[in-house]
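Structure at a glance
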Amino acid sequence: MVNKIYSKIQPEKLLHIILRKDEVQKQRLNVVNDEEFLQLAAMRLPAGKTFLPHKHVYCEKTTSIAQESWVVIEGRVKAYLYDLDDLLLETPILNPGDVSITLYGGHTYEILKEDTLVYEYKTGPYLGIEKDKEPIG
């Protein structure tokens, strides 16, 4: 089951999501709710599957916060996931194929294995560290 991590101070607010590679058992799993800026669908697909060729159209969209995701390709990563008040909530270990998503709250990562490869995705545009990040602690 997808690990959804909620705030302790605002219990209805979803902050982080951990998805394990082995949890994706159906053709499409929409991992993040439609109203969030960062969207993720995990798909386990059979050979020969194809999709209607398409392109995405330009439309005005605004984002008010950077939301970020890490996909572990090789190696091991320890995620530190924080609540809205900067208190540590959980420290899951991510293995190849696992993904962490931070919608709100804070995070950091510790690389546990040499030459770990991760892909980072986040909402943009990126306006620089001084406008995008606030240190914890």
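According to the stated counting rule, one finds 1 aromatic pair in the structure shown. Residues W70 and Y109 carry aromatic rings whose centres are separated by 3.8 Å and whose planes lie at 10° to one another, so their mutual orientation is stacked. One end of the pair, W70, is in strand β5 (residues 68-74); the other, Y109, is in strand β10 (residues 106-111), and 39 residues separate them in sequence. Y109 carries the same exposure label as W70, and that label is buried. Positioned above the aromatic ring of Y104 is the side chain of K13, whose terminal nitrogen or guanidinium carbon lies 3.8 Å from the ring centre. The ring of F51 has K49 lying over it, and the distance from NZ or CZ to the ring centre is 5.3 Å.

A word on the pattern of salt bridges. One pass over the full model with this rule turns up 1 salt bridge. Ionic pairing is found between R20 and D98, a salt bridge with its closest N-O pair at 2.9 Å. Of this pair, R20 sits in the loop between β2 (14-19) and β3 (29-30) while D98 sits in the loop between β8 (93-94) and β9 (99-102); the two residues are 78 residues apart in sequence, bridging distant segments of the chain. By relative accessible area, R20 is classed as partly exposed at 26%.

This part takes up the sheet that holds β5. Strands sit in the order β1-β2-β9-β5-β11 across an open sheet of 5 strands; the sheet is antiparallel. Each edge of the open sheet is held by one strand with a lone partner, namely β1 (3-6) and β11 (117-122). Ignoring strand direction, the axes of neighbouring strands in this sheet form an average angle of 15°.

Quick notes on the rules
Every chain's residues receive numbers from 1 upward, in the order its sequence appears when written. Where local features are concerned, this predicted model is filtered to residues with pLDDT of at least 70; where side-chain atom pairs are given and counted, the filter is 80 or more; whole-chain, interface and lining totals use all residues. Excluded from the side-chain calculation are hydrogens and water; included are all heavy atoms of the structure. Any Phe, Tyr or Trp ring, taking Trp's six-membered ring, that has another such ring centre within 6.5 Å forms a pair; planes under 30 degrees apart are called stacked, those over 60 apart edge-to-face, and the others tilted. Helix and strand labels come from DSSP, where a helix needs a run of H or I of at least four residues and a strand needs a run of E of at least two; each type is numbered from the N terminus. Throughout this description, buried means an accessible area under 20% of the type-specific maximum (1.4 Å probe, protein chains only), exposed means over 50%, and partly exposed covers the range between. Note on geometry: a ring has a charge over it if NZ (lysine) or CZ (arginine) is within 6 Å of the ring centre and within 35 degrees of the ring normal. We count a salt bridge whenever a side-chain nitrogen from Lys or Arg sits within 4 Å of a carboxyl oxygen from Asp or Glu. Between any two strands, at least two bridges found by DSSP are needed for them to pair. The angle between two axes is taken between their N-to-C directions and runs from 0 to 180 degrees, where each axis is a line fitted to C-alpha atoms and a helix contributes only its stretch in contact.

Remember, this is a structural readout, not a statement about activity or role.
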